[in-house]
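Secondary and tertiary structure notes
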Amino acid sequence: MADNSGIEWTDATWNPVTGCTKITRGCDNCYAARFAERWRGVPGHPYEQGFDLRLWPSRLDQPERWRKPRMIFVNSMSDLFHKHVPRAFIDHVFDRMETTDRHIYQVLTKRSSRMRDYLRRRYRDAAAPAHVWCGVSVEDRQGRARIRHLQAAPATVRFLSIEPLLGPLGELDLDGIAWVIVGGESGPKARELRLEWVRDIRDRCASEDVPFFFKQWGGPTPKAGGRELEGVEHSAMPGCAQKESVHALPVAS
């Protein structure tokens, strides 16, 4: 658990699961894997097992300790819907999110079909609560199927994390999408992010009245290229909420 997160679009991170496996080219230079593997084999370290998947039942109650409302990125170091995370454990995570509704939770996955199916089973004819935002990661046009899975999920607030953006997305369907984040890759093997790719997404968001957040250009470090897009920092969030104001819950599209 980390308060005062360095991630621009959240306040804190909560990792009841750590570790993952790479499934798309967007995972190739995963920052979380790179960090975790530095500690493999160090006795007693939380990442003694490197980036191998691990469940942390002892962390399930961590959000309850934060009395002040926060935006919380769930599993910044994993994917809650990884195929080896038992459904019963996902239930525990959602139980805690539902009971600590003073926070906003940002649940992000590349396993979009599993999230869709899980939400359908859990909420049946309803939808996930408005303080549990459900999102998918998309890195190129091959990942657009994840957007369709998200649109078919019973979520109140749906968002896209288009990072690292590795190519033009082409036609982007934003029906039912409440927020779009775009960012470039960072790290020693960071791949190029082109202005025209970002501009296309920004303009589509503007035409559909969808809040647009440009996180970074990326480069050797996350801050290397800054956040300005054609001279402007874009930091819009659902419901016109800003990072410092988590009380303004968004309305579903």
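Analysis parameters
Residues numbered from 1 in each chain as written. Predicted model: local features only at pLDDT ≥ 70, side-chain atom pairs only at ≥ 80, totals over all residues. Heavy atoms only, no water. Buried < 20%, exposed > 50% of the residue type's maximum accessible area, 1.4 Å probe, protein only. Helix = DSSP H or I, 4+ residues; strand = E, 2+ residues; numbered from the N terminus. Arc of directions from axis to C-beta. Contact = heavy atoms within 4.5 Å. Salt bridge = Lys/Arg side-chain N within 4 Å of Asp/Glu carboxyl O.

Structural notes on helix H4 (residues 144-151)
Among the residues of H4, Arg146, Ile147 and Leu150 are the ones counted as buried. Projection of H4 onto a plane perpendicular to its axis shows the buried side chains occupying an angular sector of 105°, all on one side. Tucked into the core, H4 has its buried residues touching helix H3 (112-123), strand S6 (132-137) and strand S7 (157-162).

Here we look at the pattern of salt bridges
Following the criterion strictly, the structure yields 22 salt bridges and no others. Between Arg122 and Glu98 there is a salt bridge whose closest N-O contact spans 2.9 Å. With Arg122 in helix H3 and Glu98 in helix H2 (residues 87-99), the pair connects residues that are 24 residues apart, well separated along the chain. Judged by relative accessible area, which is 27%, Glu98 ranks as partly exposed. With its nearest N and O atoms 2.9 Å apart, the salt bridge here joins Asp117 to Arg116. You can call Arg116 buried: its relative accessible area is 18%. Through salt bridges that share partners, Asp91, Asp95, Glu98 and Arg122 make up one connected network.

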